[in-house]
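A closer look at the structure
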Amino acid sequence: MIVRLRYMELLKTYRDVPLVKILAGIRRSGKSTILRMLRDDLRNSGIAADHIISMCYTSEDFDDHMTDKDLYSGIKGRMTDKGRYYLLLDEVQEISNWEKAVNSLLENADTDIYVTGSNSRLMSGEISTYLTGRYISIPVFTLSFAEYIEFKKAAGRLPRELLNEYIRIGGFPIVALRNFDEDAAYQIVEGIYNSVINSDIVRRHKISNFDLFSRVVKYIIENVGKTFSVNAIVKFLKSEKRSLSVEAVYNYLEWLEKAFVIYRCQQYDLQGKSVLKTQEKFYLADASLKYCMMGFHQKSVAAMLENIVYFELRRRGYEVYIGKNETKEIDFVAKRRDERIYIQVCRSLPEESDREVSNLLEIRDHYPKYVVTLDELACGNMNGVRIVHLSDFLLSSEY
């Protein structure tokens, strides 16, 4: 088992802090494995095995009609002596009102609680009722490029060589663990996608017109890295002689977000220093989700480079926005506490260098500015703007 160090370090930071640690992300992003890593780390740090209670609520051993009272009594019954118990609850959202049970275990027992989930039931409105101020959400993403290299360490290949593979087949751990060709990798990812769509969205929200829903999803996938509005989707569907209300599209987007298939990136007005709620971008939880649906094509690489950079920034704890500087667009404005960085992403230079660099130079502040590219020859410094290769950017510890 390859340890995902960033998550382990984060969980150690919050160990024994009286908050419920909620690990949330798309199916097969590695949440269950992180819990197993945590269990092993607890044992290695001297915690008795019988004080670590690991439960998986997708198991066939559990009744579909299990209630929060069943969850509470089942765990409480295993707490037979004094001392702290560590509760590792996988896919707990499958149990109705799980928040009530977890809150009771937090209040009425000496516990340190970790839960995982991959759909909207994990983050329902009830969480704010029962766990207000008593939980921390830890997003779990597919593998970073640094993690992908670690997964492929035994092969002895260079980062630049692995980068091309990472761009094409993505970072789902199940794919990275083996040497699958593209067709096999995309089949696996398509299976993950279908499982999320069918189990976490279509059945849960009783979507009757699956064909129309699928067309909305396809539109989003086709337009990753482009700004668009809900009205643009409605207008597009009308051009195809299909009808869907603005409210229905909003619902579809919300459900896709809550299943962690897509992530919303809002615009940030650099002049007014405010977040705008129009013309957003959406990014896919993993680049391979686009390729498994539409096939790999060189023309799509530029948008998916943005996708990769977006999630690297999110992994590192940044809030990420599209920058709007009067009429100019900055691909990313990333903010973390009192830090800020500006990033343009492009596949190649120098034909795009003037536009990419000039947009950044028009921002009159002292924060770092980057152009991230696949162009080996263009890397360097241009009037204070650092031009870096994507591989170096993803592996850098400077930001």
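For the structure given in this document, a descriptive report is provided here.

Rules behind the numbers
Residues numbered from 1 in each chain as written. Predicted model: local features only at pLDDT ≥ 70, side-chain atom pairs only at ≥ 80, totals over all residues. Heavy atoms only, no water. Helix = DSSP H or I, 4+ residues; strand = E, 2+ residues; numbered from the N terminus. Rg over C-alpha atoms; globule rule 2.2 N^0.38 Å. Buried < 20%, exposed > 50% of the residue type's maximum accessible area, 1.4 Å probe, protein only. Contact = heavy atoms within 4.5 Å. Pairing = 2+ DSSP bridges. Axes fitted to C-alpha atoms, helices over the stretch in contact; angles between N-to-C directions. Left-handed = near helix turned anticlockwise from the far one by under 90°. Parallel < 35°, antiparallel > 145°, perpendicular 65-115°, else oblique. Core = buried A, V, L, I, M, F, W, Y, C linked by side-chain atoms within 4.5 Å. Expected span 1.5 Å × (residues − 1). Arc of directions from axis to C-beta. Salt bridge = Lys/Arg side-chain N within 4 Å of Asp/Glu carboxyl O.

As for the overall build of the protein
- Along its length, the protein carries 16 helices and 13 strands.
- Since a compact globule built from 399 residues should have a radius of gyration of about 21 Å, the 22 Å found for the protein is in line with a globular shape.
- Once the C-alpha set of the protein is aligned to its principal axes, its extents read approximately 70 × 50 × 45 Å.
- Taking all 399 residues of the protein together, 51% fall into the buried category.

Considering the side chain of Arg215
- Mapping Arg215 onto the fold places it in helix 10 (residues 210–222).
- Leaving out residues up to four positions away in the same chain, Arg215 has contacts with Glu222, Phe236, Leu237, Glu240 and Arg242.

Notes on the sheet that holds strand 7 (residues 274–284)
- The 8 strands are arranged 7-6-8-9-10-11-13-12 in an open sheet whose pairing can be described as mixed. Where the open sheet ends on each side, the last strands, each with one partner, are strand 7 and strand 12 (380–382). The average undirected angle you get between the axes of adjacent strands in this sheet is 35 degrees.
- As paired elements, strand 9 (residues 328–336) and strand 10 (residues 339–346) share 5 bridges and run antiparallel to each other. From the neighbouring strand, Lys335 faces strand 10, where its bridge partner is Arg340.
- Contacts from helix 14 (residues 301–315) reach strand 6 (262–269), strand 7, strand 8 (319–325), strand 9, strand 10 and strand 11 (369–373), with the element oriented near 110 degrees to strand 7.

Observations concerning the packing of helix 11 (residues 230–239) against helix 12 (residues 246–258)
- At a minimum axis separation of 9 Å, helix 11 and helix 12 run at an interaxial angle of 115 degrees. The interaxial crossing formed by helix 11 with helix 12 has right-handed handedness. Residues Val230, Asn231, Ile233 and Val234 of helix 11 lie in contact with helix 12, whose contacting residues are Val246, Val249, Tyr250 and Leu253.

Notes on the sheet that holds strand 2 (residues 52–56)
- The strand order across the open sheet formed by 5 strands is 2-3-4-1-5, and the pairing between neighbours is parallel. The open sheet has two free edges, formed respectively by strand 2 and strand 5 (135–139), since each of these has just one partner strand. The mean inter-strand angle of the sheet, taken between neighbouring strand axes irrespective of direction, is 15 degrees.
- The strands touched by helix 1 (residues 5–13) are strand 1 (20–24), strand 4 (111–117) and strand 5; relative to strand 5, the strand with the most contacts, the crossing angle is about 175 degrees.

A short note on the packing of helix 9 (residues 182–202) against helix 10
- It is the contact of helix 9 with helix 10, at a shortest axis distance of 13 Å, that shows an interaxial angle of 120 degrees. As the angle between them shows, helix 9 and helix 10 are arranged oblique. Here the hand of the crossing between helix 9 and helix 10 comes out right-handed. The residues of helix 10 that touch helix 9, namely those facing Tyr193, Ile197, Asn198, Ile201 and Val202, are Phe210, Phe213 and Val217.

Some details on the side chain of Asn307
- With respect to the helices and strands, Asn307 occurs in helix 14.
- Assessed through its relative accessible area of 2%, Asn307 is described here as buried.
- When residues no more than four places from it in sequence are discounted, the contact partners of Asn307 are Val224, Tyr283, Leu284, Asp286 and Ala287.

Topic: the nonpolar core
- Phe213, Leu256, Val309, Leu313, Phe332, Ile343 and Phe393 are the most contacted members of the largest nonpolar core, which totals 99 residues.
- Here the element with the most residues in this core is helix 9; it accounts for 9 residues.
- Ignoring anything within four residues of it in the chain, the contact list for Phe332 reads Tyr283, Glu306, Val309, Tyr310, Leu313, Val320, Tyr321, Ile341, Tyr342, Ile343 and Val345.

Let's talk about helix 12
- The end-to-end C-alpha distance of helix 12, which contains 13 residues, comes to 18 Å, matching closely the 18 Å that a straight helix rising 1.5 Å per residue would cover.
- Turning to helix 12, its buried residues are Ala248, Val249, Tyr252, Leu253, Trp255 and Leu256. End-on, the buried residues of helix 12 take up no more than an arc of 165 degrees, which puts them together on one face.
- Elements in contact with the buried residues of helix 12: helix 9, helix 10, helix 11, strand 6 and strand 7.

A short note on the pattern of salt bridges
- This structure, assessed with the given rule, holds 34 salt bridges.
- Close ionic contact of Glu376 with Arg160 constitutes a salt bridge, the shortest N to O distance being 2.8 Å. Separated by 216 residues along the polypeptide, Glu376 in the loop between strand 11 and strand 12 and Arg160 in helix 7 (residues 159–169) bring together distant segments of the chain.
- Each of the salt bridges in this network shares a partner with another, and the network as a whole consists of Asp211, Arg215, Glu222, Glu240 and Arg242.

Keep in mind these values describe shape, not function.
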